[in-house]
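# A closer look at the structure
So you can see what is in the structure, the chains are spelled out below.
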Amino acid sequence: MTAGQLIEVDGLEKVFSVRRKAGRLRRVRHEVRAVDGITFQVPRGEMVGYIGPNGAGKSTTIKMLTGILVPSGGRLRIAGIDPARERTRLARRIGVVFGQRTTLWWDLPLKDSYELVRRMYRVPDAVYRTNLDRCTELLDLGPLLDVPVRQLSLGQRMRGDIAAALLHDPEVLYLDEPTIGLDVVSKAKVRSFLREVNAERGTTVLLTTHDLTDIEQLCRRVMVIDHGRLVYDGSLDGLRAAGEGERTLVVDLERELPPIQDVPGARVVKVEGPRQWLAFPAAQSAAPLVTAVAERYPLVDLSLREPEIEGVIARLYRPSAALGSPPTLSADPP
Amino acid sequence: MWYTAVAAGSFRRYATYRIATAAGVFTNTVFGFVIAYTYLALWAERPHLGGYDRAQALTFVWTAQALLAASALLFGGGLDELQTRIRSGDIAVDLYRPADLQLWWLAADLGRAGFQLIGRGVAPMAVGALFFPLDLPADPATWLLFLLSVALGVVVSFALRYLVSLASFWLLDGAGLALIAGLACMFFSGMVLPLRAFPGSLGEVAQLLPWAAILQVPTDVLIGARSGASLLRGLAFQAAWGVALLALGRLVQAAATRKVVVQGG
């Protein structure tokens with residue numbers, strides 16, 4: 001694979017076998033494909049948003065990327081390391097932050113947890129000093145260092161957790177919903193810090209979130225996962241366009257013909273023998289399109305498909321769309 | 001070894017909760033009195049039961065109370081936290097660290113035991129010695145050997161509790177198993193009655209089980225029921241169980257982390 005790709009994922013799969021009740025004693029085994037053949041690469045220094053509805057497979061992917069879940073199939077390398085086989089070696093080179101869990105010692109002052117990180121990751125003293133000072137400054141941790149973690153607010157604890165994940169200079173930082181439950185000010189602080197870290201140290205960041213503002217402010221690239229499949233991988237603008245939605249007209253012609261070209265407002269996205277797929281904006285009526293195709297081509301049958309991928313994104317966009325504004329990404333809740 | 005930092009942190013964690021510690025000391029002391037009077041009645045009826053005289057029997061009682069928290073004679077001892085972490089999925093955080101799960105928790109447990117030996121052990125023992133004629137050694141070497149034996153007992157106790165906690169990977173709710181394990185430990189460690197006082201072959205078998213390494217052996221060292229070769233045999237017995245159970249724990253841990261889903265999103 002290409003050099004310079006820090007994260008390489010190729011056909012990654014995770015299948016869970018779940019037993020379900022089917023009658024008084026009988027249990028039926030069935031498979032849940034939590035991650036169903038995902039392929040992507042992330043070059044060094046990139047910040048990528050990884051979004052999708054609950055249960056889409058985001059966390060499962062991250063667990064495989066960090067080596068705590070063993071993939072059912074596919075290939076996976078982080079900085080050349082196979083996570084599942086060398087979890088501990090990989091752990092020294094990555095940082096992980098969960099919005100909903102903490103790595104900090106609940107009963108002890110924040111600085112005790114950092115001291116443990118220093119010893120656990122064998123961070124050289126000078127590096128530790130520099131990193132801690134920088135984090136303390138950018139995340140306003142100064143007054144919190146001597147406070148037991150259980151007394152910190154959620155926003156403070158989150159900042160504390162993010163600092164803990166960065167003291168050992170990780171090459172990759174995984175953030176799983178780092179702004180969940182935070183107020184506007186804390187969110188802004190966390191975001192500007194992440195931007196800074198990425199710019200200053202070139203730390204690669206993979207970020208999952210339900211708050212699209214995180215993505216808007218941090219990531220040029222977005223990946224959308226749904227039902228275990230990668231349904232979008234590209235720029236944020238592209239996601240916006242996709243968010244407006246496209247419908248697909250599937251037409252069966254009498255015989256194989258070159259892609260339909262002279263129908264305004266539609267473009268052919270796929271041709272398979274006599275069958276062709278035409279995408280057109282969701283807001284546009286299908287009737288003129290059907291008429292135009294029927295006039296110029298030997299039409300046998302047709303069907304209309306509502307967007308699938310776009311459905312996901314549309315859901316994610318709904319809060320702002322409902323306000324009648326163009327689909328900018330949702331703002332912070334009041 | 002940076003794991004000492006885990007142990008030190010764990011020690012400080014437990015040291016934070018002073019009121020809980022005081023409440024624990026109070027409970028241990030009250031129980032000490034109740035059981036001590038029960039033993040007095042029993043030994044009046046059956047002097048030299050299990051080969052112990054009255055003072056040795058009373059010392060047994062107060063040693064058990066002093067070690068109750070440190071050696072986790074009723075289970076718990078912080079590993080219920082591991083069970084909770086497995087069930088809630090917080091265990092994922094532990095697995096992201098460049099650390100061995102078992103060593104991490106062993107270090108944390110030794111730190112906890114260290115604090116609880118001081119915080120919850122010294123006071124009940126002192127009260128016991130004040131109100132009852134205890135048979136405590138004058139020789140500091142015996143005390144050191146006792147502490148060594150206690151430490152080995154804590155390792156055995158940890159290894160057992162670790163195994164029980166790991167079962168949560170499969171059971172999801174390990175509370176029932178923990179309860180059974182707690183009762184087994186209470187009975188077979190000698191906390192209810194010294195194992196040497198158990199009748200016939202039950203006593204002989206009980207003294208070979210791992211729980212004997214947690215309380216029976218250390219207490220025998222303290223009250224002088226084990227010395228010389230018998231003492232060395234006792235320590236070897238503890239070490240052997242410790243190694244075997246830790247090894248078993250590693251096997252189960254490997255199976256658990258390989259196969260089992262980490263709960264929650």
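Note that the structure is predicted; figures quoted are calculated from it, not measured.

Further remarks concern the overall build of chain B. Secondary structure summary: chain B contains 12 helices and 0 strands in total. When the elements of chain B are put in sequence order from the N terminus, they spell out α-α-α-α-α-α-α-α-α-α-α-α. Over its C-alpha trace chain B gives a radius of gyration of 19 Å, about what one expects of a compact globule, namely 18 Å for 265 residues. Its C-alpha atoms give chain B principal-axis dimensions of about 60 × 40 × 35 Å.

A count of helices and strands for chain A gives 10 helices and 13 strands. Per-residue burial for chain A yields a buried fraction of 38% across its 334 residues. Sequence separation of 24 or more characterises 68% of the internal contacts of chain A that already satisfy a separation of 6 or more.

This part takes up the domain arrangement of chain A. Parsing chain A into structural domains produces domain 1 (5–239) and domain 2 (246–306). Each of domain 1 of chain A and domain 2 of chain A has a C-alpha centre, and these two points are 43 Å apart.

Attention now goes to helix α1 (residues 3–16) of chain B. Think of an α-helix as 3.6 residues a turn; residues three or four steps apart then line up on the same face. The terminal C-alpha atoms of α1(B) lie 20 Å apart, and with 14 residues this matches the ideal 20 Å at 1.5 Å per residue to within 8%. Within α1(B) the residues assigned to the buried category are B:Val6, B:Ala7, B:Ser10, B:Arg13 and B:Tyr14. Looking straight down α1(B), one finds its buried side chains confined to an arc of 120°; they lie on one side. Looking at the buried positions of α1(B), the neighbouring elements they touch are α3 (110–120) of chain A together with α6 (101–131) of chain B.

Right, let's get into the nonpolar core. One finds A:Ile162, A:Tyr174, A:Leu207, B:Leu73 and B:Val156 to be the most contacted residues of the largest nonpolar core, which totals 138 residues. When sequence neighbours within four positions are dropped, the list of residues in contact with A:Tyr174 reads A:Ile62, A:Leu65, A:Thr66, A:Ile94, A:Val96 and A:Leu206. In terms of nonpolar packing, the next biggest core, distinct from the first, is built from 8 residues, A:Val251, A:Ile260, A:Val263 and A:Leu289 among them.

This next bit is on the sheet that holds strand β6 (residues 172–176) of chain A. Residues and elements named next belong to chain A. With mixed pairing, 6 strands are arranged side by side in an open sheet as β5-β6-β7-β3-β8-β9. Edge positions in the sheet fall to β5 (94–98) and β9 (229–235), since each has one partner strand and no second. Within this sheet the neighbouring strands show an average axis-to-axis angle of 15°, counted without direction. In terms of strand pairing, strand β8 (residues 221–226) meets β9 through 6 bridges, oriented antiparallel. For Asp226, the partnering residue across the bridge sits in β9 and is Arg229. Helix α1 (residues 58–65) contacts β3 (47–51), β6, β7 (204–208) and β8 of the sheet and is inclined by roughly 150° relative to β6.

What follows concerns the sheet that holds strand β4 (residues 73–78) of chain A. Strand pairs in the sheet, formed through backbone hydrogen bonds, run parallel or antiparallel to each other. Residue and element names in this part refer to chain A. If you walk across this open sheet you meet the 3 strands as β2-β1-β4, and the pairing is antiparallel. Taken across any chain shown, the strands that pair with only one partner, and hence form the sheet edges, are β2 (27–43) and β4. Averaged over neighbouring strand pairs, the angle between their axes works out to 25° when direction is ignored. Judged from the 5 bridges that link them, strand β1 (residues 5–21) and β4 form a sheet pairing that is antiparallel. Note on β4: the bridge partner recorded for Glu8 is Arg77.

Okay, the packing of α1(B) against α6(B) next. All names here are of chain B. Taken N-terminus to C-terminus, the directions of α1 and α6 make an angle of 40°; their axes are 7 Å apart at the nearest point. Here α1 lies oblique to α6, going by the angle between them. Read as a crossing pair, α1 and α6 show a hand that is right-handed. In this structure, α1 uses Tyr3, Val6, Ala7, Ala8, Gly9, Ser10, Phe11, Tyr14 and Ala15 to contact α6, whose residues at the interface are Leu103, Trp104, Ala107, Ala108, Leu110, Gly111, Arg112, Gly114, Phe115 and Gln116. Of the residues assigned to the contact of α1 with α6, the class counts are 13 nonpolar, 5 polar and 1 charged.

Time to look at the interface of chain B and chain A. Facing 19 residues of chain B, the contacting portion of chain A comprises 23 residues. Counting residues per element, the ones that place at least two in the side of chain B that touches chain A are α1 and α5 (91–95) of chain B. Residues of the side of chain B that touches chain A, tallied by class, amount to 11 nonpolar, 3 polar and 5 charged.

Taken residue by residue, chain B gives an average pLDDT of 92. The fraction at 70 or more is 97%. The ipTM, which scores confidence in the relative placement of chains, is 0.85 for this predicted complex, and the corresponding pTM is 0.81.

Glancing now at the UniProt feature "transmembrane region" (unreviewed entry) in chain B. UniProt records the feature "transmembrane region" (unreviewed entry) at residues 19–40, 60–79, 117–134, 140–163, 170–193 and 235–256 of chain B, using the numbering of this structure. Note that residues 60–79 of chain B is 45% helix and 0% strand, and that its end C-alpha atoms are spaced 26 Å apart.

Although it is not a glycine, A:Ala79 sits at a positive phi angle of roughly 50°. For A:Ala79, the position within the fold is in the loop between β4 and α2 (87–91). Look at B:His48: it is not a glycine, yet its phi comes out positive at around 60°. Along the polypeptide, B:His48 turns up in the loop between α2 (18–45) and α3 (54–67).

Another aspect to go through is the environment of A:Ser235. Residue and element names in this part refer to chain A. Inspection of the secondary structure puts Ser235 in strand β9. Using a count of 13 C-beta atoms within 10 Å as the deciding quantity, one classes Ser235 as partly exposed. Beyond its immediate chain neighbours, meaning those up to four positions away, Ser235 contacts Arg220 and Arg221.

Turning our attention to the packing of α2(B) against α6(B). All names here are of chain B. Between α2 and α6, the least distance of the axes is 9 Å, while the angle of their chain directions is 35°. Read as a crossing pair, α2 and α6 show a hand that is right-handed. Counting all contacts with α2, which are made through Thr21, Gly24, Val25, Asn28, Thr29 and Gly32, the residues of α6 involved are Gly119, Arg120, Ala123, Pro124, Val127 and Gly128. By residue class, the composition of the contact of α2 with α6 is 4 nonpolar, 7 polar and 1 charged.

Time to look at the pairing of β2(A). Strand residues, when the strand is regular, have side chains that alternate between the two faces of the sheet. The pairing of β1(A) with β2(A) spans 14 bridges and is antiparallel. What sits directly across from A:Arg19, in β2(A), is A:Arg29.

What follows deals with the confidence of the model for chain A. Residue and element names in this part refer to chain A. On average, residues of chain A carry a pLDDT of 84, and 88% of them reach 70 or more. In the model of chain A, helix α10 (residues 309–321) stands out as the element of lowest mean pLDDT, 48, in contrast to α3, which has the highest, 94. Low pLDDT, under 50, characterises residues 319–334; the predicted model gives this stretch 20 contacts beyond four residues in sequence or across chains.

The rules behind these values
Residues numbered from 1 in each chain as written. Chains lettered and ligands numbered in written order. Predicted model: local features only at pLDDT ≥ 70, side-chain atom pairs only at ≥ 80, totals over all residues. Helix = DSSP H or I, 4+ residues; strand = E, 2+ residues; numbered from the N terminus. Rg over C-alpha atoms; globule rule 2.2 N^0.38 Å. Buried ≥ 20, exposed ≤ 12 C-beta atoms within 10 Å, placed from the backbone. Contact = placed C-beta atoms within 7 Å. Domains from an automatic or database assignment. Expected span 1.5 Å × (residues − 1). Arc of directions from axis to C-beta. Core = buried A, V, L, I, M, F, W, Y, C linked by C-beta atoms within 7 Å. Pairing = 2+ DSSP bridges. Axes fitted to C-alpha atoms, helices over the stretch in contact; angles between N-to-C directions. Parallel < 35°, antiparallel > 145°, perpendicular 65-115°, else oblique. Left-handed = near helix turned anticlockwise from the far one by under 90°. Nonpolar A, V, L, I, M, F, W, Y, C, P; charged D, E, K, R; others polar. pLDDT = per-residue confidence, 0-100. UniProt positions renumbered as here; feature names shortened; annotations may be inferred.

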